[in-house]
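Observations on chain architecture
Listed below are the residues making up each chain.
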Amino acid sequence: MKRTAVIGAGVMGETLLSGLIRAGRAVDQLVVVEKRAERAAELKEKYGVEVVADVAAAASAETVLLVVKPQDMADVLGDIAPALRRGQLLVSLAAGITTGFIESHVPDGVAVVRVMPNTPALVDEGMAAISPGTHCDAAHLAEAEELMASVGRVVHVPEKLQDAVTAISGSGPAYVFFVVEAMIEGGVHLGLPRTVAHELAVQTLFGSAMMLRETGEHPAVLREQVTSPGGTTAAALRELEVHRVRAAFLAALEAARDRSRELGS
Ligand SMILES: NC(=O)C1=CN([C@@H]2O[C@H](COP(=O)(O)OP(=O)(O)OC[C@H]3O[C@@H](n4cnc5c(N)ncnc54)[C@H](O)[C@@H]3O)[C@@H](O)[C@H]2O)C=CC1
Ligand SMILES: O=C(O)[C@@H]1CCC=N1
C-alpha cells in the first residue's frame, strides 16, 4: 500500500488523519510531520502513528498532504523540495495557495493537487473541492479524490474557482456555527434555559440540513413551506431582511474570497 505523509497536524491535519484511519488506512502506512513537540506527542499517543519533526522525513512518501497555514507553505516547500522526485504527489489543503506556487518551489514533474476541505470531515460529512496542477495525471487526481472521499463528498472545480469555494464551504461551517450561536442566544433572551435553547437550535439545524440534502428542494421552497401567511416566520424573516442578513452574507463571502486570494499572493 502507498505511504502517505501529513505535514501539519493542527485542526485540519488531525481531521484528515483521523478520517484516513477510520477509513481503514494502516497506521504504519502513515507518517505525520508536526513541529510542536507537545502536539506531536498527543497525536502519537492518540493514534499510534509515527510523528516526526523534520519535514524532509516525509519526502519518501508517495503522497504528501500539505496541511500547514498558507503563511508557512514556502518554508515547508523549501525544506521538502530537495528530497522530492518526479511522479510524487503533493496535495495542498491550504487556502489561497495555488498549484503554480507549489510547482515553482518543487522539482519539475512533481504532481500537485489543490484541495479545499472543511471541518465536518471530522464526522465524515466533509465537503472538498479538488483541482489538478500541471503535472497531475488521472491517477494522481484519483488518489487525491480517494483521500478526500474517505471523509465526505468531493467535487472537481477549475482552480480559478477555489477562492470562491473557500468562501462558501471552506469557511462555511463557521458561518453556520455563528448562526446557531445567535439562535441559542436568542432563545435564552426569550427565557428558555440555555441547555434547552441549545438542543432546539442544533436539532433544527440538523433536521433542516437533512431536508435540504434528502429532498433536493431549493431552500426557498423549504422556507416557504415554513412561512404561514401572516404568521410567526414571516414576522421573523422580515426582521432578517430589515437587518440585511442576505446582504451581509454576500459581503462576508466576498471578504473570504478576497482574503483567500491575498493569502495566495
Ligand atoms: N481549519 C479549517 O477549517 C480549514 C483549514 N484549511 C487549511 O488547512 C491548513 C491548516 O489549517 P489549520 O489546521 O486550521 O491550522 P493549524 O494552525 O491548526 O495547523 C497547522 C499545523 O501546522 C504545523 N506546522 C507549521 N509549520 C510546520 C512545519 N514546518 N513542519 C511541521 N508542522 C508545521 C503547526 O504546528 C500546526 O499544528 C491551512 O492552510 C488552512 O488554510 C482548509 C480548510 C478548512
Ligand atoms: O480561515 C481560514 O483561513 C481557513 C481556510 C478555510 C477555513 N479555515
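Criteria and cut-off values
- Residues numbered from 1 in each chain as written.
- Chains lettered and ligands numbered in written order.
- Predicted model: local features only at pLDDT ≥ 70, side-chain atom pairs only at ≥ 80, totals over all residues.
- Axes fitted to C-alpha atoms, helices over the stretch in contact; angles between N-to-C directions.
- Helix = DSSP H or I, 4+ residues; strand = E, 2+ residues; numbered from the N terminus.
- Parallel < 35°, antiparallel > 145°, perpendicular 65-115°, else oblique.
- Left-handed = near helix turned anticlockwise from the far one by under 90°.
- Contact = placed C-beta atoms within 7 Å.
- Nonpolar A, V, L, I, M, F, W, Y, C, P; charged D, E, K, R; others polar.
- Domains from an automatic or database assignment.
- Pairing = 2+ DSSP bridges.
- Near = placed C-beta within 6 Å.
- UniProt positions renumbered as here; feature names shortened; annotations may be inferred.
- Buried ≥ 20, exposed ≤ 12 C-beta atoms within 10 Å, placed from the backbone.
- Right-handed = clockwise from strand over helix to strand, strands pointing away.

Observations concerning the packing of helix H7 (residues 172-189) against helix H8 (residues 194-215)
Between H7 and H8, whose axes approach to 8 Å, the crossing angle comes to 140°. Judged by the angle between their axes, H7 and H8 are oblique. Seen from above, H7 lies across H8 with right-handed handedness. Residues Val176, Val180, Met183, Ile184, Gly187 and Val188 of H7 touch H8, and the partners they reach there are Arg194, Ala197, His198, Leu200, Ala201, Val202 and Leu205. Class assignment of the residues belonging to the contact of H7 with H8 gives a composition of 10 nonpolar, two polar and one charged.

With respect to the domain arrangement of the protein
With domains assigned, the protein is organised as domain 1 (4-162) and domain 2 (172-263). On the side of domain 2, six residues touch domain 1, which itself brings six residues to the contact. Residue classes in the side of domain 1 that touches domain 2 are distributed as three nonpolar, three polar and no charged.

Digging into the sheet that holds strand S5 (residues 89-92)
The strand order across the open sheet built from eight strands is S3-S2-S1-S4-S5-S6-S7-S8, with neighbouring strands paired in mixed fashion. Edge positions in the sheet fall to strand S3 (50-52) and strand S8 (152-156), since each has one partner strand and no second. Taken pair by pair, the neighbouring strands of this sheet meet at an average axis angle of 25°, ignoring direction. Of the pairings in the sheet, the one linking S5 to strand S6 (residues 111-116) comprises four bridges and is parallel in character. The residue of S6 that forms the bridge with Leu89 is Ala111.

Regarding the site of ligand 2
The full set of residues close to ligand 2 is Ala95, Thr166, Gly170 and Ser171. Within the shell around ligand 2, the residues separate by chemical class into one nonpolar, three polar and no charged.

A few points about the UniProt feature "domain: Pyrroline-5-carboxylate reductase catalytic N-terminal" (unreviewed entry) in the protein
The positions that UniProt labels "domain: Pyrroline-5-carboxylate reductase catalytic N-terminal" (unreviewed entry) are, in the present scheme, residues 5-96. End C-alpha to end C-alpha, residues 5-96 measures 21 Å, and it is 34% helix and 20% strand.

Examining the site of ligand 1
Not every one of the 28 residues close to ligand 1 is listed here, only the nearest: Gly8, Gly10, Met12, Ala94 and Ala95. When contributions to the shell around ligand 1 are tallied by element, the ones reaching two or more residues are helix H1 (11-22) and helix H3 (73-80). A total of three residues in the shell around ligand 1 trace back to one element, the largest contributor, which is H1. Partitioning the shell around ligand 1 into residue classes produces 15 nonpolar, six polar and seven charged.

Quick look at the pairing of strand S4 (residues 63-66)
Residues Thr63 and Leu65 point to one face of S4 and Val64 and Leu66 to the other, with burial holding for every one of them. Inspection of the sheet shows strand S1 (residues 4-7) paired to S4 by four bridges, in the parallel sense. Within the sheet, the bridge partner assigned to Ile7 lies in S4 and is Leu66. Pairing of S4 with S5, which is carried by four bridges, proceeds in the parallel orientation. Within the sheet, the bridge partner assigned to Thr63 lies in S5 and is Leu89. As for the winding sense of the linkage, the β-α-β connection from S4 through H3 to S5 is right-handed.

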